[in-house]
Amino acid sequence: NPLRSWRFERCEFQAFYKCFAVTGTSMCSEFYFHDCKFLQCYWLMDNDNDQAFNWNFVNCDWENDSLTTSKDKTLAAVFNLKKGSFIRWTGGSFIIVGQMVYYNLTASGVFARTSHKVVFDGVRIELVDDGAGGHASLIDRVSSGYVNGSNSPTTSLKNFTILNRGTIPTTITYAKVWANCSLELQNGECEGGKIIGI
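Given the structure is predicted, the values throughout are model-derived calculations rather than measurements. Each chain has its residues counted from 1, running along the sequence as written. Whole-chain, interface and lining totals are the exception, using all residues; otherwise, since this is a predicted model, local features are given only for residues with pLDDT of at least 70 and side-chain atom pairs are given and counted only at 80 or more. Values shown for side chains rest on all heavy atoms present in the structure; no hydrogens or waters enter the calculation.

(A) View of the side chain of His135. By definition, any uninterrupted DSSP run of H or I lasting at least four residues is a helix, any uninterrupted run of E lasting at least two residues is a strand, and each is numbered from the N terminus. With respect to the helices and strands, His135 occurs in the loop between β14 (124-128) and β15 (139-141). For this analysis, a polar contact is any N or O atom pair within 3.5 Å, provided that within protein one partner can donate a hydrogen and the other can accept it, and provided that sequence-adjacent residues contribute only side-chain to side-chain pairs. Here the side chain of His135 touches Gly98 through a polar contact of 3.5 Å, landing on its backbone oxygen. Contacts are assigned to residue pairs with any non-hydrogen atoms lying within 4.5 Å of each other. Not counting the four nearest positions on each side in its chain, His135 is found in contact with Ile96, Val97, Gly98, Leu127, Val128, Asp130, Ile168 and Ile172.

Next comes the structure, spelled out in structure tokens:
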């Protein structure tokens, strides 16, 4: 059945593999998170539903810097998107191992540019050394199995600050963009880094 208008205020999610596994075809929209904390989680949202719209996060914090898991830390992600969604994260901070957005799109997971978008506005991001002197790209797509075609995801970072912690080199790749992907960067401050097209 459709799930709509859920609200979480001052909640703490700790040590989840998936805080939310969104599946099925029914609408799963209008989720609101205010002043929530996500601590040592692997994925916040694992989305396999193309009607997961309007997930809103205000002054929330994500911290998985001490993540202990048998899985590859570079595959950890705040949002693991197999299908489209509309997500907005305003304020708050990220102390992060892994990625903010990880696209895992197949032929059945088509993104329509006009309706699917992930926006981060006014966030502070700290990148933590993954233990090997590096870090996953903040925005990336699965290296195999990705179908571009008509897929056109859009990610936007506005009024953001990115800091490196530990021995992460300033040559880090902040985002990997590819055919039909839209990336918006506005009023950002970071040190070093690069964006590459694929």
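Next comes the rest of the account.
(B) Spatial organisation of the packing of aromatic side chains. Classification of ring pairs uses Phe, Tyr and Trp, with its six-membered ring standing for Trp, and accepts pairs whose centres are within 6.5 Å; under 30 degrees between planes counts as stacked, over 60 as edge-to-face, and the remaining range as tilted. In total, this model carries 26 aromatic pairs according to the counting rule given. Ring centres of Phe8 and Phe20 lie 5.7 Å apart, and the angle between their planes is 75°; on these two criteria the pair is classed as edge-to-face. Placement of Phe8 in strand β1 (residues 3-9) and of Phe20 in strand β3 (residues 18-22) is noted, with a sequence separation of twelve residues between them. Residue placement shows Arg7 over the ring face of Tyr32; its charged tip is 4.9 Å from the ring centre. Either the NZ atom of lysine or the CZ atom of arginine qualifies as a charge over a ring when it sits within 6 Å of the ring centre and within 35 degrees of the ring normal.

(C) Representation of the sheet that holds strand β2 (residues 12-14). Following DSSP output, two strands are said to pair if at least two bridges run between them. In space, the six strands of this open sheet follow the order β2-β5-β8-β11-β14-β17, with parallel pairing throughout. Sheet topology places β2 and β17 (161-165) at the edges, where each strand pairs with a single neighbour. Sheet twist, expressed as the average angle between the axes of neighbouring strands with direction ignored, equals 10°. Sheet topology places β2 next to strand β5 (residues 37-39); three bridges connect them, and they run parallel. Each residue of the ladder has a partner; that of Glu12, found in β5, is Lys37. To define axes, lines are fitted to C-alpha atoms, for helices over the stretch in contact only, and angles between the resulting N-to-C directions are given on a 0 to 180 degree scale.

(D) A look at the nonpolar core. The set of buried Ala, Val, Leu, Ile, Met, Phe, Trp, Tyr and Cys residues whose side-chain atoms join them within 4.5 Å is what this entry labels a nonpolar core. Burial classes follow relative accessibility: with a 1.4 Å probe on protein chains only, a residue under 20% of its type's maximum area counts as buried, one over 50% as exposed, and anything between as partly exposed. Counting residues in hydrophobic clusters, the biggest one holds 46 residues, and the most contacted among them are Phe33, Phe38, Trp55 and Trp89. If near-sequence neighbours (up to four positions away) are discounted, Phe38 is found in contact with Phe13, Cys19, Phe33, Leu44, Phe57, Cys60, Asp61, Trp62, Glu63 and Trp89. With seven residues, the next largest nonpolar core counts Tyr42, Trp43, Ala77 and Tyr102 among its residues.

(E) Focus on unusual backbone geometry. In the Ramachandran plot, Arg10 falls in the positive-phi region, its phi being about 55° despite a non-glycine side chain. Inspection of the secondary structure assignment puts Arg10 in the loop between β1 and β2. Assessed through its relative accessible area of 65%, Arg10 is described here as exposed. A positive phi angle, close to 55°, is found at Asn187, a residue other than glycine.

(F) Region of interest: the side chain of Asn49. Summarising the element assignment, Asn49 is placed in the loop between β6 (43-47) and β7 (52-58). At 3.1 Å, the side chain of Asn49 and the backbone oxygen of Gly24 are in polar contact. Setting aside its immediate chain neighbours within four residues, Asn49 contacts Val22, Thr23, Gly24, Thr25, Ser26, Cys28, Lys83 and Gly84.

(G) Layout of the pattern of salt bridges. Salt bridge, as used here: a side-chain nitrogen of Lys or Arg that lies within 4 Å of a carboxyl oxygen of Asp or Glu. According to the stated counting rule, one finds ten salt bridges in the structure shown. Where Glu9 meets Arg10, a salt bridge forms, and the shortest distance between an N and an O atom there is 3.7 Å. For Glu9, a relative accessible area of 39% corresponds to the partly exposed category. As a salt-bridge pair, Arg141 and Asp140 come within 3.8 Å of each other at their nearest N and O atoms. Given the relative accessible area of 8%, Asp140 is considered buried. The structure contains a network of salt bridges with shared partners spanning Asp65, Arg124, Glu126 and Arg165.

Any link to function would need more than the numbers given here.
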